[in-house]
Each structure stands twice: as structure tokens, then as C-alpha cells.
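# Results of the structural survey
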Amino acid sequence: MTTWIFQGNPDDYDIDAYLSSRPSQLVWLVTRYASEMAIGDRVYLWRNQGKQGAIAGIVAEAIVTAAPELRGEDPEGTRFWRVEGPRATAPQIRAVLRLVKVANTREVIRADWCSDDPILRDLPNLKMRASTNYRITADQAHRLDALWSRTGRDWTHNESVAGLMAYAETYGQPVSRLPGSPIAAVALTIGRAVSGVYAKVMNFRSLDPRATGSGMSGAGDVDREVWREFFDTSSSAIRMDKLREEFIRLWGASEEMTCSAADVSVKIEDEAARLQILPLDELLAKYAAQKGQRAARPSTRVLTAREYDRNPLVITIARIRAAHRCEINDCEHAPFETNEGLPYTEVHHIIPLADGGEDTIENVACLCPAHHREVHLGRRAAQLRMHLTAIRMTKTL
């Protein structure tokens, strides 16, 4: 699948009001790459600043449900046009999208964050602002996915440990946010914005009795707990050996890998596709023989976003036992077919790998893309997790 940025100008179209209306579908103008867009592609909706000074950046996520073709504006969306002319009324090349998530104020991925980001600073819409549709690279897509899943959420203990590592590695030096700096490296590792890690460093500066410069007063209880864990008051120093050991335990080594996160995912999916031709009983036999040789908790790789070395057997078995259908009861999201003629589904870990979940067939479910995003980001996430847990308790195979 390809990931796209679809850009909207609030001076021409009231995108905020349109998204707030929760339309059943979005019909979006396509001025470029129409022949390359396909059902199932992921789309980030980007709002420009406009004359009213809106916060520019990514405000929503959607999935392409109908490829671009000549069609009229969606009747639900016509009233949100602020300009008159053929863009608002005449049939044009447009794609049909289904909303997955609309960001609240805290969740917007801001344009200035992207400009400061080692990977996102080269987003095509930052360099050529006049177009409507932009294709982004696999690395940019992985970076945006990491930010999209974390932005607006409180920092966890593990993330605060990473923030303290960035502070310790910049202590007594100018605090840089440039690519290659400790702050930028930690941001890429934990899936946070560079500016967010910089703010966390400043929070720790405010807790450090040795610091001569002023910090920020936003340190929370988690930050204070982490500071007490690693700051030795008797020697007035951070316990660097202990901090480094814990950082590596939580986040892995920081050396760059020779492959990107996209490369790893593609290889795993390719292996799962190869296994697809085998009957389920043979796949289960392979899976049983593998136990004891492969850890249930997968190893991690520090790439442009955190990536797990998942088991393709688990992916394949999950899809086949669900007959390539979403396991949410009464799922009404229309599936699209893969190149192999199968309904496209994604394999979800009920207890997330990042929370200690295992990469086993007992801990996964087969979901459509929309429900997969909803179980991670939607209002019904807790309810859906309970539903999937109940299914696995009664039906492993």
C-alpha cells in the first residue's frame, strides 16, 4: 500500500467543519497521481494555515475506498465550500475516502514539527505547497505512523527514561535539535516529535539541582519518579551506567540498521504470503515445531520507528483461521481484494507487543484496516479489545 498526503486550504474549504460532521465518506479532489492510487491506500489529511492562522499539519487519517475517477462532489460536503466555481460543483477526478481518525487539538501533527524532523523535513508538501496530493516515502510513512499513534498522549515511564537519556547526553553542552543530535535520535527511537523530546529535556533541567540554565516547569509525576530513580543525590550525578543499561533494555541499541522499517515489514509480509499456499494443518505443525526455538516475545530493531521482528507463521495462521475476514462481529466495512484475490486484512496483537504481549496465535486477531486503527485509536478501543479477548478465550483455532 502507498501512503499519501491530501492537502486542503481552509480559505477555500471549511475542512474543520466538514470533519466535525463525521461524513460517511469523503470525496477528495485528485490533481496528481490518480492512476497510482488504489483502494486500501492510507491518506493523511493536511490542513494548511490559511488566512485565519489555523495550525498547519495533519488533522485526520483516512483510507481510500474508491479509486480516483470523474465524479461530482459529495452532497454532504458541498456546503463546506467557501469559494464558487468548478472545483465545488463540476465533476472532476476525485477519490472516495473513509475516515479512520480525526485529531483533536493535542493530536495534530504540526507542520513546524515536520520541518524540524530528520525524516519528515523532506515531505513533498513542505517543498511544493501548491498541489493537492502528495506521495510520501516508506520511511516518511513509518515516521508519521509513529507520531500519529503517540501525539497527544501522555508520556509513559519508558519514554521518560528515553527523555532523561537525551538530557544526560546533552548536559553541559548546547542543546541541539538538529539531525544526529541526541534529542533527534531519541525522538526517532520513541516515536515522538523532536520538539517534544526537547521540551522533555528542558523539564529534566528544571529538576536538576546542578543546572545553571533555566528549564521548563512542565515535569510531571512520571518525570520526577524517573529522575529520583537515576539521580544520585549523594554524588550529585546521574547514574549513567544504570540509565544506559535501562535505556538499551527498553529501547534497544542505538546503532543504525542497514535496512529501513519498511524493508523489514515487506520481508515479513512476503514470507507470510509465501506461506499462504500451505494448508492450515501444515502451518500449525510448523508453528508447533517452532515453539522453544523462537521467543514468544519478539526482538526489536531500532529503525525510523520502533519495529518488531514478527513471526510470519502467526500472521498467516491468523488470516486463514478467520477466512480472511474481520473478526469484529457484524463488521460492515467493505473489504477490498489484494493482488492474490483475497480480502485484505491486518493482524492485530490484542495485548500490544510494546506492552509485553506475545507474538503468538493466542494473542492475535484478524481485522479490517478500519477496525485495526479503531482498536488502537478509537473511542471504542477498550470495548473492542474486550471483544477480541473473549473471542480468543473461546476460539483459538
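The shown structure was predicted, so the numbers you read here are calculated from the model rather than taken from an experiment.

## Structural notes on the overall build of the protein
Secondary structure summary: the protein contains 15 helices and 13 strands in total. Counting the 397 residues in the protein, one finds 49% classified as buried. Contacts spanning at least 24 positions in sequence make up 70% of the contacts within the protein whose residues lie at least 6 apart. Entry remark: accessible area of the protein is about 19400 Å², with carbon and sulfur atoms responsible for 49%.

## Some details on the environment of Asp 359
Along the chain, Asp 359 falls in the loop between strand 12 (346-349) and strand 13 (364-367). Polar contacts involving the side chain of Asp 359 include one to the main-chain amide nitrogen of Asn 311, which spans 2.7 Å. Reaching out from Asp 359, the side chain makes a polar contact with the side chain of His 349 at a distance of 2.7 Å.

## Examining the state of the cysteines
Applying the stated criterion across every chain, the model contains zero disulfides. Distance from the sulfur of Cys 326, which forms no disulfide, to the nearest cysteine sulfur (Cys 331) is 3.9 Å.

## Focus: the packing of aromatic side chains
Enumeration according to the criterion identifies 13 aromatic pairs in this entry. Ring plane angle 55 degrees and centroid distance 6.4 Å describe the contact between Tyr 13 and Phe 80, whose orientation is recorded as tilted. Placement of Tyr 13 in the loop between strand 1 (3-8) and helix 1 (15-20) and of Phe 80 in the loop between strand 4 (57-71) and helix 2 (86-89) is noted, with a sequence separation of 67 residues between them. Looking at Tyr 13, the relative accessible area reads 11%, which means it is buried. By the ring-pair criterion, three or more aromatic residues cluster together here, those being Tyr 167, Tyr 171, Phe 204, Trp 227 and Phe 231. Lying across the ring of Trp 155, Lys 200 places its NZ or CZ 4.7 Å from the centre. Between Arg 210 and the ring centre of Tyr 171, over which it is positioned, the NZ or CZ distance is 4.0 Å.

## A closer look at the nonpolar core
Residues Phe 6, Leu 45 and Leu 97 are the most contacted members of the largest nonpolar core, which totals 45 residues. Of all the secondary-structure elements, those providing two or more residues to this core are strand 1, helix 1, strand 2 (26-29), strand 3 (42-47), strand 4, strand 5 (92-102), helix 3 (111-116) and helix 5 (138-150). Ranked by residues supplied to this core, first place goes to strand 4 with five residues. Core analysis: the second largest hydrophobic core is formed by 28 residues, Ala 162, Ala 187, Val 201 and Trp 227 among them.

## Regarding the confidence of the model for the protein
Within the protein, residue pLDDT values average 85, and 89% of them lie at 70 or more. In this model residues 255-264 is a low-confidence stretch, pLDDT under 50, and it forms 19 contacts with partners more than four residues away in sequence or in other chains.

## Quick look at the environment of Ile 350
Structurally, Ile 350 can be placed in the loop between strand 12 and strand 13. For Ile 350 and Arg 385, which are 35 residues apart along the polypeptide, the C-alpha to C-alpha distance reads 6.3 Å.

## Focus: the packing of helix 7 (residues 182-190) against helix 8 (residues 194-207)
The contact between helix 7 and helix 8 brings their axes to 8 Å, and the two run at 115 degrees. The two elements helix 7 and helix 8 meet at a crossing, and its hand is right-handed. Here Ile 183, Ala 184, Val 186, Ala 187 and Ile 190 of helix 7 lie close against helix 8, whose contacting residues are Val 194, Val 197, Tyr 198 and Val 201. Here the contact of helix 7 with helix 8 is composed, by residue class, of nine nonpolar, no polar and no charged.

## Re the pairing of strand 3
The buried fraction of strand 3 is high, at six of six residues. Across the two faces of strand 3 the burial is the same, with Arg 42, Tyr 44 and Trp 46 and Val 43, Leu 45 and Arg 47 all buried. Where strand 1 lies against strand 3, six bridges are found, and the strand directions are parallel. Bridged to Thr 3 within strand 3 is Arg 42. In this structure, strand 3 lies alongside strand 4, joined through six bridges in antiparallel fashion. If you follow Tyr 44 over to strand 4, its bridge partner there is Glu 61.

## Digging into the side chain of Glu 107
For Glu 107, the location among the structural elements is in the loop between strand 5 and strand 6 (109-110). Of the side chains with opposite charge, Lys 101 lies nearest to the buried Glu 107, which makes no salt bridge, at 4.2 Å. Those residues in contact with Glu 107 that lie beyond four places of it in its chain are Lys 101, Val 102, Trp 148, Thr 151 and Gly 152.

## Examining the pairing of strand 1
Most of strand 1 sits out of view: six of its six residues are buried. Residues Thr 3, Ile 5 and Gln 7 point to one face of strand 1 and Trp 4, Phe 6 and Gly 8 to the other, with burial holding for every one of them. Of the pairings in the sheet, the one linking strand 1 to strand 7 (residues 133-135) comprises three bridges and is antiparallel in character. Residue pairing across strands places Ile 5 opposite Tyr 134, the latter belonging to strand 7.

Cut-offs used in this document
- Residues numbered from 1 in each chain as written.
- Predicted model: local features only at pLDDT ≥ 70, side-chain atom pairs only at ≥ 80, totals over all residues.
- Heavy atoms only, no water.
- Helix = DSSP H or I, 4+ residues; strand = E, 2+ residues; numbered from the N terminus.
- Buried < 20%, exposed > 50% of the residue type's maximum accessible area, 1.4 Å probe, protein only.
- Contact = heavy atoms within 4.5 Å.
- Areas by Shrake-Rupley, 256 points an atom, 1.4 Å probe, with all protein chains shown as cover.
- Polar contact = N/O pair within 3.5 Å; in protein donor to acceptor, adjacent residues only side chain to side chain.
- Disulfide = S-S within 2.5 Å.
- Phe/Tyr/Trp six-rings, centres within 6.5 Å; stacked < 30°, edge-to-face > 60°.
- Lys NZ or Arg CZ within 6 Å of the ring centre and 35° of its normal.
- Core = buried A, V, L, I, M, F, W, Y, C linked by side-chain atoms within 4.5 Å.
- pLDDT = per-residue confidence, 0-100.
- Axes fitted to C-alpha atoms, helices over the stretch in contact; angles between N-to-C directions.
- Left-handed = near helix turned anticlockwise from the far one by under 90°.
- Nonpolar A, V, L, I, M, F, W, Y, C, P; charged D, E, K, R; others polar.
- Pairing = 2+ DSSP bridges.
- Lys, Arg positive; Asp, Glu negative; His and termini not counted.
- Salt bridge = Lys/Arg side-chain N within 4 Å of Asp/Glu carboxyl O.

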